[in-house]
Amino acid sequence: MTKVTYVAHDGTEKVIDANNGESVMEAAIKNSVPGIDADCGGACACATCHVYVADAFMDKVGTPEDMEQSMLDFAENVQANSRLSCQITVSDELEGLVVTTPESQH
Amino acid sequence: MDLSTAEKLVIIGGGQAAAQACASLRLFGFEGEITLIGEEPALPYQRPPLSKAYMKGEMTEERLYFKPQDWYNTQKIQTVLSTRVGKIDRSAQVVETEDGRSFDYDALIISTGSRPRALPLPGADLGNVFDLRDLSDVEHIRPLMVTGKRLVIVGAGYIGLEAAAVARQLGLEVTVLEMADRVLARVTSPVMSAFFEHEHVAQGVHIRTGAQLASLQGDGQVQAAILSDGTEIAADIVLVGIGILPNVELASEAGIACSNGILVDRDARTNDARVFAAGDCARRPLVHYGRQGRLESVHNAIEQGKLAAAAIMGKPRPNEDCPWFWSDQYDLKLQIAGLSEDYDEIAVRGDPEERKFAAFYLRGGKLIAVDAINSAPEFIVAKKLIITGASVAPETLSDTSISMKEIAATAA
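What counts and how
- Residues numbered from 1 in each chain as written.
- Chains lettered and ligands numbered in written order.
- Predicted model: local features only at pLDDT ≥ 70, side-chain atom pairs only at ≥ 80, totals over all residues.
- Helix = DSSP H or I, 4+ residues; strand = E, 2+ residues; numbered from the N terminus.
- Rg over C-alpha atoms; globule rule 2.2 N^0.38 Å.
- Buried ≥ 20, exposed ≤ 12 C-beta atoms within 10 Å, placed from the backbone.
- Contact = placed C-beta atoms within 7 Å.
- Core = buried A, V, L, I, M, F, W, Y, C linked by C-beta atoms within 7 Å.
- Pairing = 2+ DSSP bridges.
- Right-handed = clockwise from strand over helix to strand, strands pointing away.
- Domains from an automatic or database assignment.
- Nonpolar A, V, L, I, M, F, W, Y, C, P; charged D, E, K, R; others polar.
- Axes fitted to C-alpha atoms, helices over the stretch in contact; angles between N-to-C directions.

**With respect to the overall build of chain A**
Reasoning step 1: Counting its regular elements, chain A contains two helices and five strands.
Reasoning step 2: What you see for chain A is a C-alpha radius of gyration of 12 Å, in line with the 13 Å of a compact globule of 106 residues.
Reasoning step 3: For chain A, the spread of C-alpha atoms along the three principal axes comes to 30 × 25 × 25 Å.
Reasoning step 4: Counting all 106 residues of chain A, 42% fall into the buried class.
Reasoning step 5: Restricting the contact set of chain A to residue pairs at least 6 apart, pairs at least 24 apart contribute 64%.

Spelled out as structure tokens, the structure:
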């Protein structure tokens, strides 16, 4: 189990005990964290699980692969710390991870 | 009709549209009882991985579920699984199950999905002949999918080709039989068909287009597929993927208007103000195309689940997106936006040989669809342009020296 904090656009925080091996998106969906739609279920096909990763974790979450990067290039309100949460796998390394969800995924 | 204070809401069907409707209803503040009645023993789950990662064994069953059982408990959603509905009595507002239970409703959502079209040929009922629709289908097929087994796939649609890709990666010998003269004939253009056929052949799949299957033969278990020209193809497993039919019977027998799907308006409402339909079973207005249609897709199931929930709660209608789809085969990601079927012009951007290209479809100068292979920008920009009804010159689309960002910025 790894603690992940999801911060909504309005600042509301929700802390989840995520299972290692699942994605940051899956942990959010299973725990009804608002602000992440994940329409395609994690296939990196829809860009509706966009999150902003807290600076302290940018190195630990690694860098996006080509497909994710090009999806992000065209998502709304992208920042330097934008990631698709379906492409971040929960692990011990990410204990305390904080991600913020954008105002809208569409 | 204001249904926001309905006391009892019943959902028939336990697929993606049903799961979305449950989540959206609670999100929008619905406080009444929700009862979800599903035929399958499993909680609502994702179907796309069944012919992709899950079939390949790369994904656990638990990860297919949209929500765990706990979620349904805490959301006070009663799940009635392994249960078939026999009848909808609209005058009494009651849903009757085949095992004799009754569920009253003030509002009803029909999300009965679709079923695989059956192979109308001798031998279709032999052992080891499968459809691919439900979790239980994969449970039956997967133990047989071992190196060296001979798999014959009937139908070169997306399901058939995705299964072919998985089977090759697992080391099976794979033959795909397709009646039309090209793969994916019903769903895409010749340029995409040629690309996918080439990819599968390069991976060692035997593709037979223009193939007339006459029968399946075997002694209890299937042993061969026989074509009408007498060709015999040895088979240990046959997978049939020749399209799906909407499950409209319950609605139709209850007098709800149907025509290749349960007819609904933009709010997913049927001709009975208390009854909604969502997902594969519904025939809906396609607002970006000025006609009606039935969409067999994740996007549609999610969107109509939301539309129904919003209408029930009297909320503003959620966004109606451009239809979109995807398919994963080998290391190829195909992303599709829009509906290409009546295009009159096509523009190819990039080189299929690089396995990264897109086919844009236009009608009367307007962009109506794109098939994008490993090309997310083309997919995302096209989706936006289709929604705005933009006209783009085909030579602009095929000019890779103009970036998709520039195309998006200048399209009218």
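**Some words on the nonpolar core**
Reasoning step 1: If you look at the biggest cluster of nonpolar residues, it comprises 157 residues, and the most contacted ones within it are V238(B), I262(B) and V370(B).
Reasoning step 2: Discounting residues that sit within four places of it in the chain, V238(B) has contacts with N128(B), V129(B), V152(B), V154(B), L216(B), V222(B) and A225(B).

**Some thoughts on unusual backbone geometry**
All names here are of chain B.
Reasoning step 1: In this structure, Y330 is a non-glycine residue whose phi angle is positive, near 55 degrees.
Reasoning step 2: With respect to the element layout, Y330 can be found in the loop between β22 (324-329) and β23 (332-338).
Reasoning step 3: Even without a glycine there, the phi angle at R355 is positive, about 60 degrees.
Reasoning step 4: Classification of R355 by C-beta neighbours within 10 Å gives partly exposed; the count is 16.

**What about the pairing of strand β1 (residues 8-12) of chain B?**
Residue and element names in this part refer to chain B.
Reasoning step 1: Counting buried residues in β1 gives four out of five residues, a clear majority hidden from the surface.
Reasoning step 2: Pairing geometry for β1 and strand β2 (residues 33-37), over five bridges, is parallel. In the sheet register, K8 faces β2, and the bridge partner there is E33.
Reasoning step 3: Once you follow β1 into helix α1 (residues 16-27) and on to β2, the crossover reads as right-handed.
Reasoning step 4: Strand direction decides the pairing type here: β1 and strand β7 (residues 107-110), joined by four bridges, are parallel. Each bridged residue has a counterpart across the sheet, and for L9 the counterpart in β7 is A107.

**As for the domain arrangement of chain B**
Residues and elements named next belong to chain B.
Reasoning step 1: Each assigned domain of chain B is listed with its residue range as follows: domain 1 (8-115 + 244-312), domain 2 (129-240) and domain 3 (331-410).
Reasoning step 2: In this complex, domain 1 contributes eleven residues to the contact, which on the side of domain 2 involves twelve residues.
Reasoning step 3: At three residues, the largest contribution of residues to the side of domain 1 that touches domain 2 is made by helix α2 (residues 53-56).
Reasoning step 4: Residue composition of the side of domain 1 that touches domain 2, grouped by class: five nonpolar, two polar and four charged.

**A few points about the sheet that holds strand β5 (residues 97-100) of chain A**
Sheet strands pair via backbone hydrogen bonds, and the direction of the pair is either parallel or antiparallel.
Residues and elements named next belong to chain A.
Reasoning step 1: Pairing is mixed across the open sheet formed by five strands, whose spatial order is β2-β1-β5-β3-β4. Of all the strands in the sheet, the pair left with one neighbour each is β2 (13-18) and β4 (82-84). Strand-to-strand twist in this sheet, taken as the mean axis angle between neighbours without regard to direction, amounts to 35 degrees.
Reasoning step 2: For strand β3 (residues 50-53) and β4, the ladder comprises three bridges, and the chain directions are antiparallel. By the bridge assignment, Y52 is partnered in β4 with S82.

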